[in-house]
Amino acid sequence: MNKSQSLKNIPLLILLLTSCGEKMELRTFNAMAPLHVMHYQNSSIEEVADWNLFRRQLEESKKMGIDGISVDVWWGMVEKDGDNIFHWEYYQKIFSEIISNGLEIIPILSFHSFDPGPNSAFRAPIPNWVWKYLAEKSGLNEIDLKYISEEKGKDDALLYSDEFVSLWADEWVMPQYSEFMEEFLREFQNNLDSFQEINISCGPTGELRYPSYSSHDGGSYPNRGRMQCFSKPAIQNYREYLKADSFIHPSELISELEKGNYSDHGVERLLKWYNLSLMNHGNRMLKECIRIFPETIPIGFKIPGIHWKIADPETPRIAEITCGLIDGTEMNGEAAYSNSLRMVLKDLPLERIILHFTCLEQNNSDLNSDSVKHFSRAKDLVYDVSSASKNIGIKIKGENSLSKNLRHEEAWFRIQSAIEHGNYSGLTIMRLNEVTFGNKLGNQEYSRIIRQF
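Every value quoted in this text rests on a predicted model; they were computed, and no experiment measured them.

Student: Where do I start with the pattern of salt bridges in this structure?
Tutor: Following the criterion strictly, the structure yields 19 salt bridges and no others. Here Lys-397 ties to Glu-197 by a salt bridge, and the two come within 3.1 Å at their closest N and O atoms. Of this pair, Lys-397 sits in strand E9 (residues 395-399) while Glu-197 sits in the loop between helix H7 (170-187) and strand E6 (198-200), and the two are 200 residues apart along the sequence. By relative accessible area, Lys-397 is classed as buried at 5%. Bridged by salt links that share partners, the residues Glu-150, Arg-224 and Glu-258 form one connected network.

Student: Any chance you could explain the environment of Thr-436 here in plain terms?
Tutor: Relative to the helices and strands, Thr-436 resides in the loop between strand E10 (424-429) and helix H15 (440-452). For Thr-436, a relative accessible area of 5% puts it in the buried group. Here the alpha-carbon distance between Thr-436 and Ser-138, two residues 298 residues apart in the chain, equals 47 Å. In contact with Thr-436, other than residues within four places in its own chain, are Gln-57, Glu-60, Ser-61 and Asn-443. Separated by 2.9 Å, the side chain of Thr-436 and the backbone oxygen of Leu-432 make a polar contact.

Student: Sorry if this is basic, but what is going on with the sheet that holds E6 here?
Tutor: Strand order in the closed barrel made by the eight strands is E1-E2-E3-E6-E7-E8-E9-E10, with parallel pairing throughout. Pairwise comparison of adjacent strand axes, ignoring direction, gives a mean angle of 30° for this sheet. Here H15 sits on the sheet in contact with strand E1 (28-32) and E10, set at roughly 155° to E1.

Criteria and cut-off values
Residues numbered from 1 in each chain as written. Predicted model: local features only at pLDDT ≥ 70, side-chain atom pairs only at ≥ 80, totals over all residues. Heavy atoms only, no water. Salt bridge = Lys/Arg side-chain N within 4 Å of Asp/Glu carboxyl O. Helix = DSSP H or I, 4+ residues; strand = E, 2+ residues; numbered from the N terminus. Buried < 20%, exposed > 50% of the residue type's maximum accessible area, 1.4 Å probe, protein only. Contact = heavy atoms within 4.5 Å. Polar contact = N/O pair within 3.5 Å; in protein donor to acceptor, adjacent residues only side chain to side chain. Pairing = 2+ DSSP bridges. Axes fitted to C-alpha atoms, helices over the stretch in contact; angles between N-to-C directions.

Next up, the structure:
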């Protein structure tokens, strides 16, 4: 019997051991479910066709070797009718479909909104009752429960985002998050063994960040973004942080940021506080998850790949700064993200935490690229954040940032390279359609990667 034949007979348990006797890290390969299987709130519209397609996608996923399906559990759907009025029927059904196909579930407790507008086929805004409820609890105006931009609108109108309740309102909204998590746990107690992990939404689009490049103001990809700390409770919090009565004027802040002057004394203090506030918010969210959910279930959170402006010679890493991911004191990506991760993970059981990071399919800008002016270093960032997670001692899993990129072979090669040479212990593809019947290349390439690893 030759060596290759004998290896086939070695028990699986032994194959999972390295030569030094340590257990190898098994990677997980997942895909995201649609935002909502029924594209419309009216379940009579295309319900049968949508669910039949979803079942076929699950069957194909199982054949490919996909491990699990992540599902947005929308706060705006489940608790839309009022405080402690929960509707779990849709999630009972979709979880049952996933389990019946032998796949695991990654629930994403989605406290952010998905709301492209009233004409969208699917919407899940923050529950309408939440803003009035929190205003009564806090004594604040509803607008001050939201992120308010440095930029002003017509006639100096405040520009605000309602994608996520502002972190400066955590004192009042955190009990609502906790109630939601506790009710979710009660409702799906019998499904816990099927949960690969539970993800917690910590900001807009489910990511730990400020809405610095959203549509409510002039901040958008690929510009520098906009600071989002001009609500009354944010300003009050900063004054308490400084133990002083001052707050930088928006025009002064904008001027210094656009000059790349992060070390100006007033700007430097503001940016440190801005970053610290976001990381502390993430810590609070994770701490509640750790407290509520059984210790057998890992807890995941996500940060975005803000890859543009990293190499801008005038304002380096400015988009990451306005997003709150780093504070501008450290320009080395690995060191900067290590600093931020230490804050968000302070006093938490690291062995239970999984960081999810987007943009694995993206590349650095080059001289031949149309996006050279964006000064992107996406590929570098993929490895910097991976190294930072290794420094801190937590698992990291990767995602693609845009579905359209999965129509190109180069994107899949970059994803494979990140898994092979980075510290990534898993991959989640956005979305299911892109690796089953909606994208032949995606189906082929994801299947190949799964087989390889």
